[in-house]
Amino acid sequence: MAVIIEDIKATVTLPDDTVINLTSAEITGTPSISSQCVSNSGFELGAVCSAQLSMSVKLSGVNRYKMIGASVKVQIFKNNAWHNAGIFNVTSASRYRDIITISASDNMIWLDKSAYSTDENSKIVNLIAEYLKTQRTIYQALKYIVETAGGLQLAHTQA
């Protein structure tokens with residue numbers, strides 16, 4: 001079933017907390033959001049279905065390096081209402097004149113157990129598991145997962 005999108009807008013929050021509101025006038029070409037839950041070579045158990053955003057925007061006065069690490073909240077207008085299409089973190093950006101093309105991953109990637117890095121002792125560590133170890137309460141761990149990884153806010157405070 002095809003979904004006809006009537007309009008699109010995005011709110012970009014740069015790493016320095018500068019907020020840029022984009023309308024369809026600044027969003028050039030056709031933005032795309034794609035996801036792949038399993039690899040092409042086999043079925044994976046426990047994988048996270050993460051979405052990828054590719055979008056070009058017309059911006060003057062913004063250095064492409066400032067876009068890397070930015071948060072992009074995308075909304076689409078269909079059936080006479082605005083709908084959230086996801087919150088993405090910019091992982092790469094390229095620039096040609098005043099057009100910046102970004103690639104971004106949604107926050108579900110933080111829940112993927114394959115999000116590993118190398119620590120100072122050259123040991124492979126799970127970034128999520130390591131961060132959650134430092135949280136002293138269940139509330140702090142949930143707050144991290146919901147707010148940082150999920151892009152949402154908790155409705156309650158810690159008692």
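Everything numeric here is computed off the predicted structure, so don't read it as measured data. (Residues numbered from 1 in each chain as written. Predicted model: local features only at pLDDT ≥ 70, side-chain atom pairs only at ≥ 80, totals over all residues. Heavy atoms only, no water.)

This part is about the overall build of the protein chain. For the protein chain, the helix and strand inventory stands at three helices and nine strands. When the helices and strands of the protein chain are read in sequence order from the N terminus, they spell out β-β-β-β-α-β-β-β-β-β-α-α. Going through the 159 residues of the protein chain one by one, you find that 25% of them count as buried. Counting contacts in the protein chain only where the partners sit at least 6 residues apart, residues at least 24 apart contribute 47% of the total. As displayed, the protein chain has an accessible area near 10500 Å², and 54% of this comes from carbon and sulfur atoms. (Helix = DSSP H or I, 4+ residues; strand = E, 2+ residues; numbered from the N terminus. Buried < 20%, exposed > 50% of the residue type's maximum accessible area, 1.4 Å probe, protein only. Contact = heavy atoms within 4.5 Å. Areas by Shrake-Rupley, 256 points an atom, 1.4 Å probe, with all protein chains shown as cover.)

On to unusual backbone geometry, then. Here Asp17, not a glycine, exhibits a phi torsion of approximately 75°, which is positive. Despite not being glycine, Arg97 has its phi angle at roughly 55°, a positive value. Residue placement: Arg97 occurs in the loop between strand 6 (81-96) and strand 7 (99-106). A residue is classified by how much of its surface remains accessible, and Arg97, at 65% relative accessible area, is exposed.

Turning our attention to the pairing of strand 7. Here eight bridges tie strand 6 to strand 7, and the two strands are oriented antiparallel to one another. The residue of strand 7 that forms the bridge with Ala93 is Ile102. Connecting the antiparallel pair strand 6 and strand 7 is a turn made up of two residues, with Arg97 showing a positive phi of about 55°. (Pairing = 2+ DSSP bridges.)

Relative to the elements of secondary structure, Gln75 occurs in strand 5 (residues 71-78). When its relative accessible area of 18% is taken as the criterion, Gln75 is described as buried. For Gln75, the side chain forms a polar contact with the side chain of Asn84, separated by 3.0 Å. Ignoring sequence-local partners within four residues, the contact set of Gln75 consists of Asp7, Ile8, Lys9, Trp82, His83, Asn84 and Ala85. (Polar contact = N/O pair within 3.5 Å; in protein donor to acceptor, adjacent residues only side chain to side chain.)

On to the nonpolar core. Buried together is how nonpolar side chains tend to be arranged in soluble globular proteins. Membership of the largest hydrophobic core comes to 24 residues, with the highest contact counts inside it found for Met67, Val72 and Ile102. Listing elements by their share of this core, those giving two or more residues are strand 1 (7-13), strand 2 (19-22), strand 4 (50-58), strand 5, strand 6 and strand 7. Ranked by the residues each element gives to this core, the list is headed by strand 4, at four residues. With near-sequence residues (within four places) excluded, Val72 lies in contact with Ala10, Thr11, Val12, Leu53, Met55, Gly86, Ile87, Phe88, Val90 and Ile102. (Core = buried A, V, L, I, M, F, W, Y, C linked by side-chain atoms within 4.5 Å.)

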